[in-house]
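Summary of the model geometry
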Amino acid sequence: METRKKDQNKSQTSSLMMDVEGMHCASCVSRVENAIKEVSGVQDATVNLATEKAKVTFQRNIDPKKVVEAIQNAGYQTRTETFQFDVKGMSCASCVGNVEDALRNVPGVQNVSVNLATEKATVHVVSGIAGKKDLVEAIHSSGYEAEEVVGSEEQAEKKRQEKEKERTDLKRSLLVAAGFSIPIFVIEMSSHFIAPFHSWLETTVSSQNLYYLFFVLASVVQFGPGLRFYKKGWPSLVRGTPDMNSLVMLGTTAAYGYSVVATFLPQVLPSGTVNVYFEASAVIVTLILAGRYMEAIAKGRTSEAIKRLLNLQAKSARVVRNGEEKDILIENVQIGDTIIVRPGEKIPVDGEVVDGESYIDESMISGEPIPVQKTKGDEVIGGTINKNGSLRFKATKIGADTVLAQIVQMVEEAQGSKLPIQSLVNKVTNYFVPTVITLALITFGVWLIWGPDPALTFALVNAVAVLIIACPCAMGLATPTSIMVGTGKAAEMGVLFRQGDALQALRNTDTIILDKTGTLTKGQPELTDLETVNGFDSDQVLQWVASVENSSEHPIAEAIVQAAKQKNLKLVEVSDFNSRTGFGVEATVDGKQILIGADRMIEDAGLDLNLFNEKAEKLSGEGKTPIYVSVDHKVAAILAVADSIKETTPEAIQALHNLDLEVVMLTGDKQQTAQAIANQLGIDDVIAEVLPDGKSNAVKQLQEKGKKVAFVGDGINDAPALAQADVGIAIGTGTDIAIESAEVVLMSGDLRNVPNAIALSQSTIRNIKENLFWAFIYNIILIPLAAGALYPAFEILLSPIFAAGAMAVSSVFVLGNALRLKRFRPPMTALS
């Protein structure tokens, strides 16, 4: 008896293994175990520090999410995995809702996003609780097919072929449906509007024989091309999750079934109600197939940006293996392979040059039209084009790790994401189809009870019209199609939205914080000014100064030396070099004693600098620090080294002001220097003397004032501020960690793409709102019309055929409107 009880208890429990992150010692283990055991229904918990895993035994009716929450509340994290699936068979927003609901019910699933336009599902799960198999089964149980996205060339080609086959099948079905529907429609309509033709049909063919002909033609349409609606619609209806296919199935079956009864069993129908609607059922199927065919074509156009990016990749590579050159497929390249690239060929993968010299066109990455010289030790990027020389390079990144693959992944992830604006749509679509079916039943009942004779006919026609005119497809496509086209257009402009919701957040931005160094400026010091006293030649002074500074490692010294090299000035030997911290440097060059430094160094030598007072004041006003030079105890020159403003910066800031944005500069410079630069550029506010670790606090302080902040930066120390901002915008020429912390990446260093990105964000959200307005207003207005709302006052009814046409047009309208974003013109011409 006791054994049976134990077995019974065992059968009612489940156990799982979870990965736990953040544990460092035995006390961590104890805290995690205690936190898990406090969850109601948990019977036992064992945590292993070495494997960082927790084994939890709990009652079957306990949601594992409670265990996850307990671990998080204790200060630790459960490791998560992300899976992405291609989902086949979705046709409307209700399908999306069905798939999402099925996935959310899988234990361990934390977040789900299903995109109708890309036909992809992205699922975040707690590692150890649910796996790929569980998720695929959940999608199958909701009536759809799923395959994990692995990102291989073969899978991409397979999907392309499947989409092409789908379009071909739809086209074939449409042609068959149209071929059998048109005769019914032409004969039926002609007999209504052409009296002699009607009389001729009655005398030569008879109505009953026509009904038989219509039955044959309509049956071919209903159970040939129209069979797809039964295959998807009926299982969904049985599961209690009806979708668009269910509506079409119910509407056309009602019209077809009623006509079959009227044709073969007219005696069972009330007097005056013996009418056939074969033309309605057949034409409805034809029009809906036409809409889906146009929809499939339009969907293909929304993903053109991804196709163009993928086309940049080389298909093969010439590698050296065992001393022989071989042409192999790109997917067979291995890290460490030596690859040969000839003039005019694409670089197949990322790598490092080991031999040769050439110029590479990197405009697809940097936006710079001028080819970049590459020699031994330089990096090359897959997808760029070798111009004139031959190169040998070692493969360092292949497959999904290459720069081009990561760009494609960023665009795909952004296209697959959902915006906050989508939440309302999700709530509505969960109830949409059941509500429509309910309204159709109510419509049927009202017309059957209170409608004029023949009441049954009116009831049937109007109920069918309600079922057919409802369009959840338009609501499901409204947001994702605009995101797809918008993010694709952005990629063409050199703007990568790493997260789709940044599109909406960027539109709401009212304050732009610009990090100075590397964002507003070039990020490296340059010699900007050199003015000499009469009697001294500027090139001669620069040669002496550069020769002295060549012994220094200071960035300012490097800028002076670089300026001398650009003028082809030969550096000469120096002696007696001495660096005085906080003052400057001194040395002997060509037998002359040279002093270079701040004003205090020259004045300390007893020299008068009044000669340069006006020039020094001007340089300070421009945010530059004056540097003085004396030769043999005579003041010889004043020069300035500064991090020069990018040529595109003033234009970009003006464009940001034109968008009614407040522009703030963030810098570690002293207030006076920073203010001078801000005044020069017309920047609204300055936050100066900020240490690297204080940047995120500066962003937070503005947010606490109610500002919606976008931060633009490029350095490692910008990463916290990029993450803190409402939208982080990384300059793509910056560091990897900065790019990883941002939601938006500018592939070139052109600041003009910031206003371009904001303008595109505004256009995309406006486009989404137009789509949603159309989708909602269409259903709000036309469903009541289909139910017969205008009949009491105007005796106007909506034909089911017109309803089918309107439904088809609705989805195509949304897709067409989204495709208008392809014609977006950025307000500024920027490097892409």
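Procedures and definitions
- Residues numbered from 1 in each chain as written.
- Predicted model: local features only at pLDDT ≥ 70, side-chain atom pairs only at ≥ 80, totals over all residues.
- Heavy atoms only, no water.
- Helix = DSSP H or I, 4+ residues; strand = E, 2+ residues; numbered from the N terminus.
- Rg over C-alpha atoms; globule rule 2.2 N^0.38 Å.
- Buried < 20%, exposed > 50% of the residue type's maximum accessible area, 1.4 Å probe, protein only.
- Lys, Arg positive; Asp, Glu negative; His and termini not counted.
- Charge placed at Lys NZ, Arg CZ, Asp CG, Glu CD.
- Axes fitted to C-alpha atoms, helices over the stretch in contact; angles between N-to-C directions.
- Parallel < 35°, antiparallel > 145°, perpendicular 65-115°, else oblique.
- Left-handed = near helix turned anticlockwise from the far one by under 90°.
- Contact = heavy atoms within 4.5 Å.
- Nonpolar A, V, L, I, M, F, W, Y, C, P; charged D, E, K, R; others polar.
- Salt bridge = Lys/Arg side-chain N within 4 Å of Asp/Glu carboxyl O.
- 1 Å grid on protein atoms, 1.4 Å probe; cavity = no way out; pocket = protein on both sides within 12 Å on 5 of 7 lines; lining within 4 Å.
- Points joined across faces, edges and corners; volume = space filled by probe spheres on them.
- UniProt positions renumbered as here; feature names shortened; annotations may be inferred.
- Pairing = 2+ DSSP bridges.
- Phe/Tyr/Trp six-rings, centres within 6.5 Å; stacked < 30°, edge-to-face > 60°.
- Lys NZ or Arg CZ within 6 Å of the ring centre and 35° of its normal.

Each helix and strand counted, the chain has 31 helices and 30 strands in total. Here the chain has a C-alpha radius of gyration of 36 Å; the compact-globule value for 832 residues is 28 Å, and the former is much larger. Dimensions of the chain, computed from C-alpha atoms along their principal axes, come out at roughly 125 × 85 × 65 Å. For the chain, the proportion of its 832 residues judged to be buried stands at 51%. A gap of 7 Å separates the mean positions of the 77 positive and 96 negative side-chain charges of the chain.

So, on to the packing of helix α4 (residues 93-104) against helix α5 (residues 132-141). With their axes 8 Å apart at the nearest point, α4 and α5 run at an angle of 140 degrees to one another. With respect to α5, the axis of α4 lies oblique. For the pair α4 and α5, the sense of crossing is right-handed. For the pair formed by α4 and α5, the contact residues are V99, A102 and L103 on the first element and L135, A138 and I139 on the second. Split into classes, the residues belonging to the contact of α4 with α5 amount to six nonpolar, no polar and no charged.

With that settled, consider the side chain of E33. Along the chain, E33 turns up in helix α2 (residues 26-37). One buried charged residue, E33, remains without a salt bridge, the closest side chain of opposite sign being K37 at 4.5 Å.

Another aspect to go through is the layout of surface pockets. Here the idea is plain: a probe the size of a water molecule rolls over the atoms and shows the empty space left. Estimates place the volume of the second largest pocket at around 1200 Å³. Top contributing element to the lining of the second largest pocket by residue count: strand β25 (residues 634-645), with five residues. Across the lining of the second largest pocket, the residue classes break down as 18 nonpolar, 16 polar and 11 charged.

In this section: empty space enclosed by the protein. This structure, assessed with the given rule, holds two cavities of 30 Å³ or more. In this structure, the largest cavity spans a volume of roughly 60 Å³. M244, I288, G291, R292, E295, C473, M807, A808, S811 and V812 are the residues that line the largest cavity. Mapped by element, the contributors of at least two residues to the lining of the largest cavity are α11 (278-302) and α31 (800-819). For the lining of the largest cavity, the per-class residue count stands at six nonpolar, two polar and two charged.

This part is about the environment of E492. With respect to the helices and strands, the residue E492 is situated in helix α17 (residues 472-493). Judged by its relative accessible area of 37%, E492 is partly exposed. Spatially, the C-alpha atoms of E492 and E21 are 39 Å apart, while their sequence positions differ by 471 residues.

On to the UniProt feature "transmembrane region" (unreviewed entry) in the chain. Taking the numbering used here, the UniProt-annotated feature "transmembrane region" (unreviewed entry) corresponds to residues 173-195, 210-227, 247-269, 275-294, 428-450, 456-479, 772-791 and 797-819. Within residues 210-227, the helical portion is 83% and the strand portion 0%, while the C-alpha atoms at the span's ends are 24 Å from each other. Note that residues 428-450 is 100% helix and 0% strand, and that its end C-alpha atoms are spaced 31 Å apart.

Moving on, we come to the packing of α17 against α31. At a closest axis distance of 9 Å, the pairing of α17 and α31 adopts a crossing angle of 15 degrees. As far as their axial angle goes, α31 and α17 are roughly parallel. Seen along the crossing, α17 lies across α31 with a hand that is right-handed. Here α17 contributes C473, A474, L477, A478, T481, S482 and V485 to the contact with α31, which in turn contributes S810, S811, V814, L815, A818 and L819. When the residues that make up the contact of α17 with α31 are grouped by side-chain class, the tally is nine nonpolar, four polar and no charged.

Along the polypeptide, V67 turns up in helix α3 (residues 64-73). Between the C-alpha atoms of V67 and T78, which are 11 residues apart in sequence, the distance is 9.8 Å. Beyond its immediate sequence surroundings of up to four residues, V67 is in contact with M18, I36, V39, V42 and V56.

What follows concerns the pairing of strand β28 (residues 709-713). Across the five residues of β28, five count as buried, placing the element largely inside the fold. Here four bridges tie strand β19 (residues 511-515) to β28, and the two strands are oriented parallel to one another. Across the sheet, I512 pairs through a bridge with A710, a residue of β28. Both β28 and strand β29 (residues 727-731) contribute to a ladder of four bridges, which runs parallel. What sits directly across from V712, in β29, is I729.

This part covers the packing of aromatic side chains. Within this structure, the stated rule accounts for 14 aromatic pairs. Measuring from ring centre to ring centre gives 6.2 Å for F215 and F278, while their planes differ by 65 degrees; the resulting arrangement is edge-to-face. Residue F215 is located in helix α8 (residues 207-223), and its partner F278 is located in helix α11; the two are separated by 63 residues in the primary sequence. Residue F215 is classed as partly exposed on the basis of its relative accessible area, which comes to 24%. By way of ring pairs, the aromatic residues Y212, F215, F223, Y230, Y256, F264 and F278 are connected into one cluster. The lysine or arginine in question, R580, covers the ring of F583, its NZ or CZ lying 4.9 Å from the ring centre.

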